[in-house]
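# Coordinates in review
The primary structure of each chain is shown beneath.
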Amino acid sequence: MSKQILINAAPWESRVAVLEDTTLVELHIERLHERGIAGNIYKGKVVRVLPGMQAAFLDIGLEKAAFLHVSDLASPEELPPAESPDAEPVEAVDAIDLAEVVETADPEVAADPDAEPNGDALPPRRAPQDLRPIEERLTKGDELLVQVSKEPMGTKGARVTAHISLPGRYLVHMPGTRHIGISRRIEDAAERDRLREIVEAERPDEGGLIVRTACEGASKRDIHDDVRFLTRLWARVQKMADTAAAPALIHQDLDLVLRTVRDLFTSDVDRLTVDRGEDHARVADFVQGMMPRLANRVHHYQGATPLFDQHGVEAKIARALERRVWLKSGGYLIFDQTESLTTVDVNTGRYVGKKDQEETVLRTNMEAAKQVVQQLRVRNIGGIIVIDFIDMEKAANRKKVFDALQEAVRKDKARSNVLRISELGLVQMTRKRTRESLGQLLNSPCPHCDGFGQIRSAETLAYDALRRLQRDAVGREDGATLVLRIHPEVAEFLAADRPRGLDAVEKVIGRAVVLEPDPELERGALEITSQA
């Protein structure tokens, strides 16, 4: 399977598409006026402490206050030293795969096996020694250094953590801990031992390190240079934090283009293509300095056809916004996203099978399991997800579908927690959410349906208009003719059903009604006036 990254950059927007063969598996978008803040470090000021939620709100200089949970408050001195006999073992953070998580600020968030009901995860650090409640540890006006772990979404502000983590090319530096962790995607035991030995020797006096997937095969010099870069970066952050007045931005993460190169451009990527000249130059310099052995895989696209059109990505993006997703077999999925959860309904559609119903259902569900996860990745859907597979009578078949879903989830870079399929064919799962979904980013609520996805029928609007006529007739001058100005679609319905509608209302109110279609009116609007 070939893998490539396409970077479409423009002065107003940058877009990154990750393709496996010709399948779009990831899409990242960053607009100039809406640049992401995940990974940024701020000096914040406490504006409110909430004992009932064991959380606090901080002013970090943004429009909305940031949310800090007590679990994200442990200070460096509260964590155990590396020599402590009861310190957390290295294996506890081996599940981390930071090279695959573009916008997760706290590296340990990705490793947490216990997700909260809303799909967010808390870092699996050792429980802090200070077990006092948050109201005894923070007061209004306190200042502290925090990092954004989750972008603001909708009406919610950013989520922040006091556990700072600084990602480099090969490593992630975690000031305040003494842990050494290795990405589980580095599977070779000898390579893991080699990297652990090098990192142990290179570890700074203060701070822990996590070995990223990209570190596989890296030389001792590469690792040394990365440690040196990260320790210097942390020193600059500390110096700026000491002099800045809260609220203040202390450190801003790379933009999407360079962040993509740092986090996604690994040895398994065959080609990285950039279409904008100045961004290609930036990428080439970055790669030459950070990963020179991959420099020959960076290409500048100068074709007349836009880069995304050339690879069919624009059409794939359009399909990723549709509610219905067709399966190759003829079945289809229906995605419905609400504020609290996403539901996926699996249907056989046009597929009727060749043997019996159970075989038909099994094949559709097996194909759906893979496609659901692919769509979750492309659409960047997180939080609670409920998949309604087609009912299967045989437990063995339900296990096959669940195993297929688990296999697909293992290829996903976002942390997920999947419960077993029920007898009704339902699967409940959570998926790590750090930023808005593709639909939330590219779409806005419909002004006609207020975001419900449906509008009231012409029949419903017509009957509402008849009731409105009855109400408005009360108190008007006796005998005056009423003029009903209404949208043409609704007027057409009223005219077609006049005997049971307008004629009946005229008898009740004792006056004539003139119907006046007006295309300038919104579909659900109407005006009633008197005519002498």
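Reference entry: report on the structure contained in this document. Note that the structure is a prediction, hence the values are computed from the model and not measured.

Definitions and cut-offs
- Residues numbered from 1 in each chain as written.
- Predicted model: local features only at pLDDT ≥ 70, side-chain atom pairs only at ≥ 80, totals over all residues.
- Heavy atoms only, no water.
- Pairing = 2+ DSSP bridges.
- Helix = DSSP H or I, 4+ residues; strand = E, 2+ residues; numbered from the N terminus.
- Axes fitted to C-alpha atoms, helices over the stretch in contact; angles between N-to-C directions.
- Contact = heavy atoms within 4.5 Å.
- Buried < 20%, exposed > 50% of the residue type's maximum accessible area, 1.4 Å probe, protein only.
- Polar contact = N/O pair within 3.5 Å; in protein donor to acceptor, adjacent residues only side chain to side chain.
- Arc of directions from axis to C-beta.

Another point: the sheet that holds strand 16 (residues 324–326). The strand order 16-17-18-19-21-20 describes an open sheet built from 6 strands, whose pairing is mixed. The open sheet is flanked by strand 16 and strand 20 (416–418), the only strands paired with a single partner. Averaged over all pairs of adjacent strands, the angle between strand axes in this sheet comes to 20°, irrespective of strand direction. Sheet topology places strand 17 (residues 332–337) next to strand 18 (residues 341–347); 6 bridges connect them, and they run antiparallel. Pairing of F335 across the sheet is with V344, part of strand 18. Against the sheet, helix 7 (residues 357–379) contacts strand 16, strand 17, strand 18, strand 19 (383–388) and strand 21 (426–431), and its axis sits at roughly 40° relative to strand 17. Sheet strands in contact with helix 8 (residues 395–410) are strand 19, strand 20 and strand 21, and its direction is about 175° off that of strand 20.

Attention now moves to the environment of K413. Residue placement: K413 occurs in the loop between helix 8 and strand 20. Residue class for K413 comes out buried when judged on its relative accessible area of 11%. Sequence separation of K413 and K432 is 19 residues, and the distance between their C-alpha atoms is 9.4 Å. Of note is the side chain of K413, whose polar atom sits 2.5 Å from the side chain of E26.

Inspection of helix 6 (residues 313–320) places V313, K316, I317 and A320 among the buried residues, and these make up the whole buried set. Angular distribution of buried residues about the axis of helix 6 spans 100°; they occupy a single face of the element. Where helix 6 is buried, its residues contact strand 1 (3–9), strand 2 (13–20), strand 3 (23–31), helix 5 (307–310), helix 7 and helix 9 (438–442).

In a beta sheet, neighbouring strands are held together by backbone hydrogen bonds and run either parallel or antiparallel to one another. The strand order across the open sheet built from 3 strands is 23-22-24, with neighbouring strands paired in mixed fashion. Each having just a single partner strand, strand 23 (513–517) and strand 24 (526–531) make up the two edges of the open sheet. Adjacent strand axes in the sheet meet at a mean angle of 20°, parallel and antiparallel pairs treated alike. Note: strand 22 (residues 481–486) against strand 23, 5 bridges, orientation parallel. Across the sheet, the residue bridging to V483 is V514, located in strand 23.

What follows is about helix 11 (residues 488–496). By the burial criterion, the buried members of helix 11 are V490, A491 and L494. In an axial view of helix 11, the angular spread of the buried residues amounts to 100°, which keeps them on one side of the axis. Away from its buried face, by an angle of more than 90 degrees, helix 11 presents the exposed residues E492 and A496. For helix 11, the elements touching its buried residues are helix 10 (458–473), strand 22, helix 12 (502–509) and strand 23.

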